[in-house]
Amino acid sequence: MTTETDQSPNLLQTARNQFNNVADILGLETGLRKVLLTCKRELTVNFPVQMDNGTAEVYTGYRFQHNVARGPAKGGIRYHPGLTPDDLRALAMLMTWKCATVDIPYGGAKGGVVVDPKNLSQPELERLTRRYATEISLMIGPDTDIAAPDVNTDSQTMAWIMDTYSMQKGYSVTAVVTGKPINIGGAEGRGEATARGVQYVIREACREKNIQLEGAKIAVQGFGNVGATVARLLAEDGALIVAISDSANGLYNPQGLDLKNVTIYQQEHHSLAGYPNADGISNQDLLGLDCDILIPAAFENQLNGQNAGQVKAKIVVEAANGPSNLEADRVFHDNGIFLVPDILANAGGVTVSYFEWVQDLQSFFWNEAETNRRLNTIMSKAFGEVHKIAQERKVDMRTAAYILAVGRVAEACLTRGIYP
Ligand code: NAD
């Protein structure tokens, strides 16, 4: 995955505010709040890497586990020059809530290295990854903490981590990471899983809101791994993808874009700019387009108090993590826009990671149809549970998802009690 993103300075504050809102609703007592606001384990590592020119550079890496009351920690590893411990605290906490929303038996974790991988050669990147994996092997493991790709890391990164961990153990431990290549224990369907999950919740949301998906007009911000795949899947459902964008350009065609042609054009020109059969559109204008469904699939903090009022879509589905802030949520609520929050909408990725881990542990592998069938069951059930809470408590879908997730984790903590 190669998300081009700068981290928001207030990601942690937003995550804590969201938690506190729901802790109030659930009436959680102070001690339990402190537990759930804090990462259980935080490891910082400073380690040398030999560069191609023979010199050594020292890099800083992290692995943070938020809460493991419901099972081993699970979360991605990102390589980014702007990575901060507070971002990781927020992202690890979000992973705890995401896993609990879809009721898979994991807690949350996140890790990464402060590095811009674009400045490293492939051998340098491999040495950095293997040394980082060794440094954090104190924490990761198939029973303790399972890593996955995130921003600027991919299946090759996971293969190196799996191999390094296995070399240290003396036998192959495929289940220490997910998002691996299929030939070393990766799951069929993992590559498309996040987008498939988004597709499944969109089908549910359309049913709830009486919108016919066939012919519905959809705008997708971010034409990357998730955005491009979800656009293709929804077009297969008969929807009209009227607008897409990447970090530099946007395309708009009210009759619907021919995604096959767009993709060929993008591959040939390494850009969307100049694509015929569509008008150019800015990212801001894309967010305010007259359409049925808006899918932010780029990165965080795209919709806020200033621009949320321009959104005309009836449904906003957060394929990206944290694309709308709390002010945007309020505007959507006031304007009757149905928001499917990130911890529900994009949980398909971690769900199929869970499937991959289960298959690795059993050394028994499913086909893609089986993966998608089980994913659909989990996503539809989670959507139904969140929607029921939203209706019963008269809250928006984000608050409802948090009520479900935080409630599950709090209950697990209380059931287990405090050791000793
Ligand atoms: P990606 O790097 O493949 O795609 C991101 C896309 O967004 C690229 O096309 C990029 O050009 C575009 N983009 C960057 N800045 C933009 C801007 N200002 N306006 C419009 N587009 C812009 O990343 P991805 O894997 O598709 O992830 C996208 C989002 O989904 C991230 O928030 C990520 O955390 C979240 N997510 C991804 C997964 C997964 O399995 N890949 C799982 C859960 C959540």
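Described in the following lines is the structure provided in the data block. If you're wondering where the values come from, they're calculated on a predicted model, not measured in any experiment.

Describing the pairing of strand β10 (residues 293–296)
Where a strand is regular, its side chains alternate between the two sheet faces.
Moving on, step 1. By the alternation rule, side chains of β10 split into Ile-293 and Ile-295 and Leu-294 and Pro-296, which are all buried.
Moving on, step 2. Sheet topology places strand β6 (residues 217–221) next to β10; four bridges connect them, and they run parallel. Bridge assignment links Val-220 to a residue of β10, and that residue is Ile-295.

Comments concerning the nonpolar core
Moving on, step 1. Within the largest apolar cluster, 93 residues are counted, with the highest numbers of intra-cluster contacts made by Leu-36, Trp-97, Ile-295 and Val-340.
Moving on, step 2. Among the elements that take part in this core, helix α14 (residues 397–416) stands out by supplying twelve residues, more than any other.
Moving on, step 3. Looking at which domains feed residues into this core, each of domain 1 (39–184) and domain 2 (193–345) supplies at least three.
Moving on, step 4. The contacts of Ile-295, once residues within four sequence positions are left out, are Ile-202, Ile-218, Ala-219, Val-220, Gln-221, Val-230, Leu-234, Val-317 and Ala-319.
Moving on, step 5. Val-49, Leu-125, Ile-136 and Met-139 belong to the second-largest nonpolar core, a separate cluster that totals 27 residues.

Digging into the sheet that holds strand β2 (residues 56–67)
Moving on, step 1. Here we have five strands laid out as an open sheet, ordered β1-β2-β4-β3-β5, and mixed in their pairing. Strand pairing shows two members of the sheet lacking a second neighbour, β1 (41–50) and β5 (145–149), which therefore form its edges. Here the average twist between neighbouring strands, direction ignored, is 20°.
Moving on, step 2. Here strand β3 (residues 73–79) pairs with β5 via five bridges, running parallel. In the strand pairing of β5, Ile-77 is matched with Pro-149.

Focus: the sheet that holds strand β9 (residues 279–280)
Think of a sheet as strands paired side by side through backbone hydrogen bonds, with each pair either parallel or antiparallel.
Moving on, step 1. Taken together, the seven strands give an open sheet; going across it, the order is β9-β8-β7-β6-β10-β11-β12, and neighbouring strands pair in mixed fashion. The open sheet terminates on both sides in strands that have one partner only, identified here as β9 and β12 (338–340).
Moving on, step 2. Bridge count for β10 against strand β11 (residues 315–317) is two bridges, and the pairing is parallel. In the strand pairing of β11, Ile-293 is matched with Ile-315.

Details of the pairing of strand β7 (residues 240–245)
Moving on, step 1. Burial of β7 is extensive: five of the six residues sit out of reach of the surface.
Moving on, step 2. Inspection of the sheet shows β6 paired to β7 by five bridges, in the parallel sense. Paired with Lys-217 across the bridge in β7 is Leu-240.
Moving on, step 3. Since β6 and β7 lie parallel, the crossover through helix α7 (residues 225–236) that links them has a hand, and here it is right-handed.
Moving on, step 4. The pairing of β7 with strand β8 (residues 250–252) spans three bridges and is classified as antiparallel. Considered in β8, the bridge of Ala-243 is made with Tyr-252.
Moving on, step 5. Counted between consecutive antiparallel strands, the loop separating β7 from β8 contains four residues.

Cut-offs applied
- Residues numbered from 1 in each chain as written.
- Predicted model: local features only at pLDDT ≥ 70, side-chain atom pairs only at ≥ 80, totals over all residues.
- Heavy atoms only, no water.
- Buried < 20%, exposed > 50% of the residue type's maximum accessible area, 1.4 Å probe, protein only.
- Helix = DSSP H or I, 4+ residues; strand = E, 2+ residues; numbered from the N terminus.
- Pairing = 2+ DSSP bridges.
- Core = buried A, V, L, I, M, F, W, Y, C linked by side-chain atoms within 4.5 Å.
- Domains from an automatic or database assignment.
- Contact = heavy atoms within 4.5 Å.
- Axes fitted to C-alpha atoms, helices over the stretch in contact; angles between N-to-C directions.
- Right-handed = clockwise from strand over helix to strand, strands pointing away.

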